[in-house]
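# Residue-level structural notes
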Amino acid sequence: MHVGIIGGNGWIGGALARALVAGGSLGEADLTLSCRSAPPGWLPGARWTRDSRELAERSDVIVLSVRPQDWPAIDVAAPGKLVVSVMAGVSLADIAGRLGTGRVVRALPNAAAEVGRSYTPWTAAAEVTEADRAAVRLLVEAIGSGDEVGSEAEIDYMTGLSGTGPAYPALLATALIADAVAHGLPPAVARRAVVEMLIGTGRLLEAKDEDPAETVKAFVDYRGVTAEGIEAMRAAGFDAAVAKGLGAALAKSLALQGA
Ligand SMILES: NC(=O)c1ccc[n+]([C@@H]2O[C@H](COP(=O)([O-])OP(=O)(O)OC[C@H]3O[C@@H](n4cnc5c(N)ncnc54)[C@H](OP(=O)(O)O)[C@@H]3O)[C@@H](O)[C@H]2O)c1
């Protein structure tokens, strides 16, 4: 299988290309990567090009990984080929119409692709075959894990949820570290404490395989220091702030459709 990534020098496209090679799914020679600027120098054995049409001709699977605002300028046709878009807010119908293929998938990774831990939901147009699905799973599993979901509405919602990747936990970490430093902790110690706590939390939630609400309840029921912290955060509007943030992200994701 030859994979072409339009925007292969970018944050997500580059992470995908490097993961495919590092994980042994593809060799460098099985990749064609396009960009506007000069090729970045990594994956020298891949074919680098500025010509999306050349990329499409060489590829069995074409990954669209440019920013939504750059999508209208992409000049490419891919009649009958499998196309996997990771772009936020660009619909299956738009891609199918522009590229001349019904074999279109929308996948929504996140920046943890860089460390092989993206959660990537994806949805497929009606003409996508079982063999195509196997190819999509190969891409998704190269950068982490994922699920096929039944509708584009779910992808649009998850663009502002899992698609944001490390952003919201990093926001929480920033607030935690700022408070710790304001209370006199050395910044390096505060940072290490918070980052290790987030890593440990992820591993614990993964290992327990239970609703995180159960973990929160266990701490509240303990009636110690943590319960006081949780209840004060909730009283100050923690849940409402999260819902408001996700609402704003969803609105932006939907607004991209009409942009
Ligand atoms: N970053 C995330 O966390 C994330 C998460 C989920 C989904 N996404 C989606 O993934 C897509 C890529 O995002 P990104 O964060 O990887 O953006 P990015 O780092 O800006 O990468 C996009 C790349 O597209 C290239 N490009 C633009 N126009 C091109 C053209 N005509 N031909 C070839 N290459 C072209 C750019 O190349 P030059 O640098 O050479 O101009 C750039 O490196 C977006 O649609 C975004 O919505 C991103």
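Conventions and cut-offs
Residues numbered from 1 in each chain as written. Predicted model: local features only at pLDDT ≥ 70, side-chain atom pairs only at ≥ 80, totals over all residues. Heavy atoms only, no water. Near = heavy atom within 4 Å. Polar contact = N/O pair within 3.5 Å; in protein donor to acceptor, adjacent residues only side chain to side chain. Areas by Shrake-Rupley, 256 points an atom, 1.4 Å probe, with all protein chains shown as cover. Patch = residues over 30% accessible without salt bridge, like charges linked within 9 Å, V, L, I, M, F, W, Y side chains within 5 Å. Salt bridge = Lys/Arg side-chain N within 4 Å of Asp/Glu carboxyl O. Helix = DSSP H or I, 4+ residues; strand = E, 2+ residues; numbered from the N terminus. Buried < 20%, exposed > 50% of the residue type's maximum accessible area, 1.4 Å probe, protein only. Pairing = 2+ DSSP bridges. Core = buried A, V, L, I, M, F, W, Y, C linked by side-chain atoms within 4.5 Å. Contact = heavy atoms within 4.5 Å. UniProt positions renumbered as here; feature names shortened; annotations may be inferred. Axes fitted to C-alpha atoms, helices over the stretch in contact; angles between N-to-C directions. Left-handed = near helix turned anticlockwise from the far one by under 90°. Nonpolar A, V, L, I, M, F, W, Y, C, P; charged D, E, K, R; others polar. Arc of directions from axis to C-beta. Phe/Tyr/Trp six-rings, centres within 6.5 Å; stacked < 30°, edge-to-face > 60°. Lys NZ or Arg CZ within 6 Å of the ring centre and 35° of its normal.

## Things to note about the site of the ligand
Among the 22 residues in the neighbourhood of the ligand, the closest are listed as N9, R36, S37, V66 and R67. Between the ligand and V86, the relevant distance is 3.5 Å, taken from an oxygen atom to a main-chain nitrogen or oxygen of the residue. With respect to the ligand, the backbone of A88 contributes an N or O atom lying 3.1 Å from an oxygen atom. Compared with its free state, where it exposes 900 Å², the ligand has 83% of that area covered by protein.

## Examining a nonpolar patch on the surface
Residues L172, M233, F238 and V242 make up a contiguous nonpolar surface patch of about 330 Å² in total accessible area. Within the secondary structure, L172 sits in helix α6 (residues 167-182). Judged by relative accessible area, L172 falls into the partly exposed class, the value being 34%.

## Regarding the pairing of strand β4 (residues 61-64)
Neither face of β4 is open: one carries V61 and V63, the other I62 and L64, and all of them are buried. Where strand β1 (residues 3-6) and β4 come together, four bridges link them in parallel fashion. Its bridge partner being in β4, I5 is matched across the sheet by V63. Both β4 and strand β5 (residues 82-85) contribute to a ladder of four bridges, which runs parallel. Bridge pairing in β5 places L64 opposite S85.

## Description of the nonpolar core
L31 and V84 are the most contacted members of the largest nonpolar core, which has 31 residues in total. Of all the elements in the fold, those that place two or more residues in this core are β1, α1 (11-22), β2 (31-34), β4, β5, β6 (104-107), β8 (122-124) and α4 (130-142). Here V84 is in contact with V61, I62, V63, L64, V105, A107, V136 and L139, once residues within four sequence places are set aside. A56, I74, V90 and I95 belong to the second largest nonpolar core, which has 18 residues in total.

## Quick word on the UniProt feature "domain: Pyrroline-5-carboxylate reductase dimerisation" (unreviewed entry) in the protein
Sites flagged by UniProt as "domain: Pyrroline-5-carboxylate reductase dimerisation" (unreviewed entry) map to residues 152-253. For the annotated span residues 152-253, helix accounts for 82% and strand for 0% of the residues, and the straight-line distance between the end C-alpha atoms is 11 Å.

## Overview of the packing of α6 against helix α7 (residues 187-208)
Relative orientation and spacing of two packed helices are given, respectively, by the angle between their axes and the distance between those axes. Packing of α6 against α7 brings their axes to within 9 Å, and their N-to-C directions diverge by 145°. Crossing handedness for the pair α6 and α7: right-handed. Residues P169, A173, L176, I177, A180 and V181 of α6 touch α7, and the partners they reach there are P187, A190, R191, V194, M197 and L198. Tallied by class, residues from the contact of α6 with α7 come to 11 nonpolar, no polar and one charged.

## Concerning the UniProt feature "domain: Pyrroline-5-carboxylate reductase catalytic N-terminal" (unreviewed entry) in the protein
Residues given the UniProt feature "domain: Pyrroline-5-carboxylate reductase catalytic N-terminal" (unreviewed entry) here are residues 3-89. Regarding residues 3-89, the helix share stands at 22% and the strand share at 22%, and the terminal C-alpha atoms are separated by 23 Å.

## Describing helix α3 (residues 92-99)
All buried positions along α3 are accounted for by L92, I95 and L99. Buried residues of α3, seen end-on, are gathered within an arc of 70° and therefore sit on one face of the element. In this structure, α3 carries A93 and G97 as exposed residues pointing more than 90 degrees from its buried face. Structurally, α3 contributes buried residues whose contacts are with β4, β5, β6, β8 and α5 (152-159).

## Some points on the packing of aromatic side chains
According to the stated counting rule, one finds one aromatic pair in the structure shown. Consider the rings of W42 and W48, whose centres lie 5.3 Å apart with planes at 75°: the pair is edge-to-face. Using a relative accessible area of 25% as the deciding quantity, one classes W42 as partly exposed. Take W48: its relative accessible area is 14%, and that puts it in the buried class. Cation over ring: R18 sits above W42, and NZ or CZ is 4.5 Å from the ring centre. The aromatic ring of W71 is capped on one face by R98, whose charged end is 4.2 Å from the ring centroid.

## Some words on the pattern of salt bridges
With the rule as written, the count across this model stands at 13 salt bridges. Among the ionic pairs, D75 bridges to R53, the shortest N-O distance being 3.0 Å. Placement of the pair is D75 in the loop between β4 and β5 and R53 in helix α2 (residues 52-58), with a sequence separation of 22 residues. With relative accessibility at 49%, the residue D75 sits in the partly exposed group. Here R53 falls in the partly exposed class, since its relative accessible area comes to 40%. D239 serves as the salt-bridge partner of R234, at 3.4 Å between the closest nitrogen and oxygen. One network of salt bridges, with partners in common, ties together R106, E152 and D156.

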